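# A closer look at the structure
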Amino acid sequence: MRVLGIDPGLRNLGWGVIDVSGSRISHIANGVCHGTGEDLGDRLLALFDALTDVVARFAPDTAAVEQTFVNKDGAGTLKLGQARGIAMLVPARAGLPVGEYAPNTIKKTVVGVGHADKRQIDHMVRLQLPGIEIAGPDAADALAIALCHAHHARAGDRLAQAVERVRA
């Protein structure tokens, strides 16, 4: 299974691609799509085009996106939500199932604690994917999202197999 993790952002949208085969996880690529331009429409279009290229180049089987958390800046949260819409639209348009995970779920899955900082996330991503070069904090977060999705997908597969054994 090839997993695309996406960390939505209006200026910097991180992405990371991993392959999962049983318990083996390997890094394929990671990077950052940049929302360029002065107005919101231009930035969203730049993100859409760049992420569409990532999906075409790496042909993932599934994708996962971080859920938006609401903070004190309502306008900022709304703008982030628009970038998140692009992050969900592009893989859905390619026919991929898209998982969504809360920030604390991602951190707890990858780091072991739900309130980990960016440094801890980067460190644990590097431990789980040794020798990789990470394009920046947004790409590290995207790889963490992909790792979280892989972990939850494997757990779901094990549950489905157990249910099937019981029914047989």
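Residues numbered from 1 in each chain as written. Predicted model: local features only at pLDDT ≥ 70, side-chain atom pairs only at ≥ 80, totals over all residues. Heavy atoms only, no water.

## A word on the pairing of strand β2 (residues 12-21)
β2 sits mainly inside the fold: 7 of its 10 residues count as buried. Across 6 bridges, strand β1 (residues 2-7) lies against β2 in antiparallel orientation. Among the inter-strand pairings, L4 is bridged to a residue of β2, identified as V17. Pairing of β2 with strand β3 (residues 24-34), which is carried by 10 bridges, proceeds in the antiparallel orientation. Considered in β3, the bridge of D19 is made with S26. (Buried < 20%, exposed > 50% of the residue type's maximum accessible area, 1.4 Å probe, protein only. Helix = DSSP H or I, 4+ residues; strand = E, 2+ residues; numbered from the N terminus. Pairing = 2+ DSSP bridges.)

## Focus: the environment of R43
Mapped onto the elements of the fold, R43 is located in helix α1 (residues 40-58). Classification of R43 by relative accessible area gives buried; the value is 13%. Spatially, the C-alpha atoms of R43 and A83 are 8.9 Å apart, while their sequence positions differ by 40 residues. Beyond its immediate sequence surroundings of up to four residues, R43 is in contact with L10, R11, G35, T36, G37 and E38. A distance of 3.4 Å separates the side chain of R43 from the backbone oxygen of G37, its partner in a polar contact. (Contact = heavy atoms within 4.5 Å. Polar contact = N/O pair within 3.5 Å; in protein donor to acceptor, adjacent residues only side chain to side chain.)

## Describing the confidence of the model for the chain
Should the pLDDT be low somewhere, the predicted coordinates at that spot are not to be read in detail. Confidence in the prediction for the chain averages 90 pLDDT; 89% of positions are at 70 or higher. For the chain, the element scoring lowest by mean pLDDT is helix α5 (residues 137-167), at 76; β1 scores highest, at 98. For the stretch residues 158-163, pLDDT sits under 50, and the model shows 0 contacts to residues farther than four places along the chain or on other chains. (pLDDT = per-residue confidence, 0-100.)

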